[in-house]
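The lines below spell out each chain.
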Amino acid sequence: MQAPSVGGVMLPRGNGEAIRLSRGASLTDFAEKINANPASLVAVMMNLGEMVTATQSVSDETLQLLAGEMNYTVQIVSPEEEDRELLESFDIEFGEDEGDEEDLVVRPPVVTVMGHVDHGKTRLLDAIRKTNVIAGEAGGITQHIGAYQVATEVNDEERKITFIDTPGHEAFTAMRARGAKSTDIAILVVAANDGVMPQTVEALNHAKAADVPIVVAVNKIDVEGADPTKVRGQLTEYGLVAEEYGGDTMFVDISAKQGLHIDSLLEAVVLTADASLDLRANPHQDAQGISIESRLDRGRGAVATVLVQRGTLRVGDTMVVGDAYGRVRAMLDDNGNNVAEAGPSTPVQVLGLTNVPGAGDNFLVVDEDRTARQIAEKRAARERNAAFAKRTRRVSLEDLDKVLKAGEVQQLNLIIKGDASGSVEALESSLLQLDVGEEVDIRVLHRGVGAVTESDIDLAMGSDAIVIGFNVRAAGRAAQMAEREGVDVRYYSVIYQAIEEIEAALKGMLKPEYEEVELGTAEIREVFKSSKLGNIAGVLVRSGEVKRNTKARLIRDGKVVAENLTISGLRRFKDDVTEIREGFEGGINLGNFNDIKVDDVIATYEMREKPRV
Ligand code: GDP
């Protein structure tokens, strides 16, 4: 076959065959798959108007573009797929229960509360917790771990329900976006005095898209003007028809504030689960599940709440959660009690992980520490690549020099690490709201809970980012690495202070304004002629000081006769000096400029950046 040539480089050419590349692959990865020289792919991209280096991670589009040019097709492997393949290479299957029908036992439904802001989600979660039959016995401290379990009686049988207790439906959406299914049933809270609102619809759509049955809690029925019937009518338009109207959605009128009908709501959840779901899991296998919330605790290290979805998690188990791993040192339930094991649908807080996993990361128990470490490390590497791909800025040849010359686009790249997901998010959103004019963009390339790691520094290096550590420090060799590579890592413990400093830094990044500052004046007493240097002024410095390499103008009889000169040589007696101060004599050479006379004044100045106010 005829090999095409791009910019004089011969290229391998495909027959449209598919090559598999993971998200964030580089041209070198690509070249390896088709047995080509990476440099030739760089040349192709250059020809297509894009500058990329051989080892840099590139975007999906770039991979597609490149493949198209050479008559290949690419199949970008999603992180989820890749993860499945990674686990398969260790002979682990994630997401399926082992064994047969008879190994499965009924498990409690896992519920997420969703709805419009202020309709009472938080209040409802509190109210449910208060009626908690299980907690009643403990009489102890209830603890917020991101999820809790309650029991309720339905048809004389005690039934448990697990609630995910993380703010809003962001967590739900975030987890779903990552392919993690954490929720069996959604409770849609609608305030009876307010009716269906935009976020009600949004929540409803999320639940539908995830194929999660909905129970509607019509809240605030204690408020005057509450109209539960109207809510039913409104929701009909969105396909949620109440049972009493012949539909199959259960509506329960409640007051989270007064604790009214909370039991009926719990019953509706159980009945909905029984009617439309077959919630069973095998408790007799290595535990698997999903992480819900995690943070770094000063005393206890990484603390992660996980929801067991199948199997039983035990103290002493070796587990991998996202890119964290470790042996379970201790487990706490939602009442703060130590527990030795946790079965399907049970949320527990786990101590003993190497670092803090993200919300929605899957977890699994493996036989050997080594396996856990290898899986975690592979995942960390993959994440790093993906992050690189995300930040890759595409600059085309046409506008490259334009952008650089004009300095129009300036961007502050940030990496934010913090002790809890809440504070990281709060900091991020405040920073993104900073108003620093149109000239500067703030971009958060990466955020996460936990210490500043070497991989954060890596990312910062590649993208000229500043790293912010909020209530966390650099771990391991990250600090040395940052120092060595000149990466700016800033630590804060007060959000306000972080914002103030970043704002100041941004102001510095704005195109500077300059003002002229006079440095000194020198009076010419004598003119020497040098064959090598031209005319040299013998001067007496009258004010300030005269410095080498600063700007100067020549003044004769009070008028400026020459501008934009440079003090290119400065001497005292036979020595070259860098400055001559007021009251001293010396020699000045103005480079090529020779038109000087006795009694002329050389005034020197420099341009200084004006501080912004
Ligand atoms: P969220 O934004 O959905 O989490 O809403 P919140 O749970 O924070 O509730 C918003 C406001 O409504 C708070 O002031 C609650 O006290 C109030 N609220 C919640 N449920 C009820 C209720 O059943 N009756 C009344 N009167 N107020 C309620």
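Residues numbered from 1 in each chain as written. Predicted model: local features only at pLDDT ≥ 70, side-chain atom pairs only at ≥ 80, totals over all residues. Heavy atoms only, no water.

Description of the overall build of the protein chain
Using the following cut-off: Under the DSSP-based scheme used, a helix requires at least four consecutive residues in state H or I and a strand at least two consecutive residues in state E, with every element numbered from the N terminus. We call a residue buried when its accessible area falls under 20% of the maximum for its residue type, exposed when it is over 50%, and partly exposed in between, using a 1.4 Å probe and counting protein chains only. Each accessible area is a Shrake-Rupley result for a 1.4 Å probe, and residues are judged covered by the shown protein chains and nothing else.
Scanning the protein chain from terminus to terminus reveals 16 helices and 34 strands. Burial analysis of the protein chain (613 residues in total) assigns 47% to the buried set. Carbon and sulfur atoms make up 46% of the accessible area of the protein chain, which totals about 30,400 Å².

A word on the packing of aromatic side chains
The geometry of an aromatic ring pair comes down to the distance between the two centres and the angle between the two planes. The condition is simple: In this analysis, rings of Phe, Tyr and Trp, with Trp reduced to its six-membered ring, are considered paired at centre separations within 6.5 Å, and the interplanar angle assigns stacked below 30 degrees, edge-to-face beyond 60, and tilted for intermediate values. Ring-over charges, as used throughout, are those where CZ of Arg or NZ of Lys falls within 6 Å of the ring centre and within 35 degrees of the ring normal.
This model, assessed by the stated rule, comprises 1 aromatic pair. Over the face of the ring belonging to Phe94 we find Arg310, whose NZ or CZ atom lies 5.6 Å from the ring centre. It is Arg473 that lies over the ring of Tyr491; its NZ or CZ is 4.1 Å from the centre.

Topic: the nonpolar core
So the rule is basically this: Definition used in this section: a nonpolar core is a set of buried Ala, Val, Leu, Ile, Met, Phe, Trp, Tyr and Cys residues joined via side-chain atoms within 4.5 Å. Contacts are assigned to residue pairs that have any heavy atoms within 4.5 Å of one another.
In terms of nonpolar packing, the biggest core is built from 28 residues, with Leu124, Ile128, Ile161, Phe163, Ile187 and Leu265 touching the most fellow members. It is helix α10 (residues 262–276) that contributes the most residues to this core, 7 residues altogether. Beyond its immediate sequence surroundings of up to four residues, Ile187 is in contact with Val111, Thr112, Val113, Met114, Leu124, Phe163, Val215, Ala217, Leu265 and Val269.

Thoughts on the sheet that holds strand β11 (residues 251–253)
To be explicit about the condition: When DSSP finds at least two bridges between two strands, those strands are taken to pair. Axis angles are defined between N-to-C directions and span 0 to 180 degrees, where every axis is a line fitted to C-alpha atoms and, for a helix, only to the segment in contact.
One open sheet holds the 6 strands; their spatial order is β7-β8-β6-β9-β10-β11, and the pairing between them is mixed. Looking at the sheet topology across the chains shown, the edges are occupied by β7 (147–154) and β11. Pairs of neighbouring strands in the sheet enclose a mean axial angle of 30 degrees, with direction left out of account. As paired elements, β7 and strand β8 (residues 157–164) share 8 bridges and run antiparallel to each other.

Structural notes on the packing of helix α5 (residues 121–130) against α10
When two helices pack together, their arrangement is given by the angle between their axes and by how far apart the axes lie. What counts is decided by this rule: To sort the angles, those under 35 degrees are grouped as roughly parallel, those over 145 as roughly antiparallel, those from 65 to 115 as roughly perpendicular, and the leftovers as oblique.
Running from amino to carboxyl end, α5 crosses α10 at an angle of 95 degrees, the nearest separation of the two axes being 10 Å. As the angle between them shows, α5 and α10 are arranged roughly perpendicular. Facing α5, whose interface residues are Leu124, Ala127 and Ile128, α10 presents Ile262, Leu265 and Leu266.

Describing the environment of Pro347
Within the secondary structure, Pro347 is located in strand β20 (residues 347–353). Of the residues examined, Pro347 reaches a relative accessible area of 2% and is grouped as buried. C-alpha of Pro347 to C-alpha of Ile145: the two residues are 202 residues apart in sequence and 8.4 Å apart in space. Setting aside residues no more than four positions away along its own chain, Pro347 makes contact with Ile145, Ala147, Tyr148, Gln149, Thr162, Val306 and Leu307.

Focus on the confidence of the model for the protein chain
The cut-off we apply is this: Residue-level confidence of the predictor is summarised by pLDDT, bounded by 0 at the bottom and 100 at the top.
Confidence along the protein chain averages 84 in pLDDT terms, with 86% of residues attaining 70 or more. Across residues 390–406, where pLDDT falls below 50, the model places 29 contacts with residues more than four positions away in sequence or in other chains.

Some thoughts on the pattern of salt bridges
Defined as follows: Put simply, a salt bridge is a Lys or Arg side-chain nitrogen that is within 4 Å of an Asp or Glu carboxyl oxygen.
Counting across every chain of the model gives 25 salt bridges. Notably, a salt bridge pairs Arg327 with Asp369, separated by 3.1 Å at the nearest N-O pair. In this pair, Arg327 is assigned in strand β17 (residues 324–332) and Asp369 in helix α11 (residues 369–391), connecting sequence segments 42 residues apart. With relative accessibility at 40%, the residue Asp369 sits in the partly exposed group.

Some thoughts on the site of the ligand
Put simply, the test is: A molecule or strand has a residue near it when one of that residue's heavy atoms lies within 4 Å. As used in this structure description, the phrase polar contact means that two N or O atoms lie within 3.5 Å; if the pair is within protein, one of them must be able to donate a hydrogen and the other to accept it, and residues adjacent in sequence are counted only when both atoms belong to side chains.
In the vicinity of the ligand there are 15 residues, among which Asp118, Lys121, Thr122, Arg123 and Asp222 approach most closely. Between Gly120 and the ligand, the recorded distance is 3.0 Å, taken from a backbone N or O atom to an oxygen atom. The backbone of Lys121 places a nitrogen or oxygen atom 2.8 Å from an oxygen atom of the ligand. Across the complex, the protein chains shield 75% of the 580 Å² of accessible surface that the ligand would expose by itself.

Comments concerning a negative patch on the surface
Here is the rule: Patch criteria: residues need more than 30% relative accessible area and no salt bridge. Like-charged residues are merged within 9 Å; nonpolar side chains of Val, Leu, Ile, Met, Phe, Trp and Tyr are merged within 5 Å. For this count, His and the chain ends are skipped, Lys and Arg are scored as positive, and Asp and Glu as negative. Every charge is mapped to an atom, namely NZ of Lys, CZ of Arg, CG of Asp or CD of Glu.
Where like charges cluster on the molecular surface, the negative patch consists of Glu88, Asp91, Glu93, Glu96, Glu98, Asp286 and Asp367. Among the secondary structure elements, Asp286 is positioned in the loop between β12 (280–281) and β13 (288–297). In this structure Asp286 comes out as partly exposed when scored by relative accessible area, which is 37%.

A look at the pairing of strand β25 (residues 489–492)
To keep it simple, the criterion reads: Look down the strands so they point away from you; if going from the first strand over the helix to the second traces a clockwise path, that crossover is right-handed.
Note that strand β24 (residues 465–470) and β25 share 4 bridges and pair parallel. By the bridge assignment for β25, Phe470 is matched with Tyr492. Tracing the backbone out of β24, into helix α15 (residues 478–485) and back to the parallel element β25 gives a crossover that is right-handed.

Regarding the side chain of Thr200
Within the secondary structure layout, Thr200 lies in helix α8 (residues 198–209). A relative accessible area of 0% places Thr200 in the buried class. Among residues more than four places away in sequence, those in contact with Thr200 are His116, His119, Leu188, Val190 and Gly195.

Some words on the environment of Ala479
When you line up the elements, Ala479 lands in helix α15. As for Ala479 and Val452, which are separated by 27 residues in sequence, their C-alpha atoms are 8.3 Å apart.

So, the side chain of Glu523
Residue position: Glu523 is located in strand β26 (residues 513–530). Accessibility expressed as a relative area gives 19% for Glu523, which makes it buried. Among the polar contacts made by the side chain of Glu523, one reaches the side chain of Arg542 at a distance of 2.7 Å. Setting aside its immediate chain neighbours within four residues, Glu523 contacts Gly538, Val539, Leu540, Arg542 and Asp600.

As for unusual backbone geometry
Comment: phi is negative for the bulk of residues other than glycine, and the bulk of peptide bonds are trans. Notably, Asp156 is not glycine yet its phi reads approximately 60 degrees, a positive angle. Its place among the elements puts Asp156 in the loop between β7 and β8. One non-glycine residue, His261, adopts positive backbone phi at about 60 degrees. Looking at where His261 falls in the secondary structure, it is placed in the loop between β11 and α10. By relative accessible area, which is 40% here, His261 ends up partly exposed.

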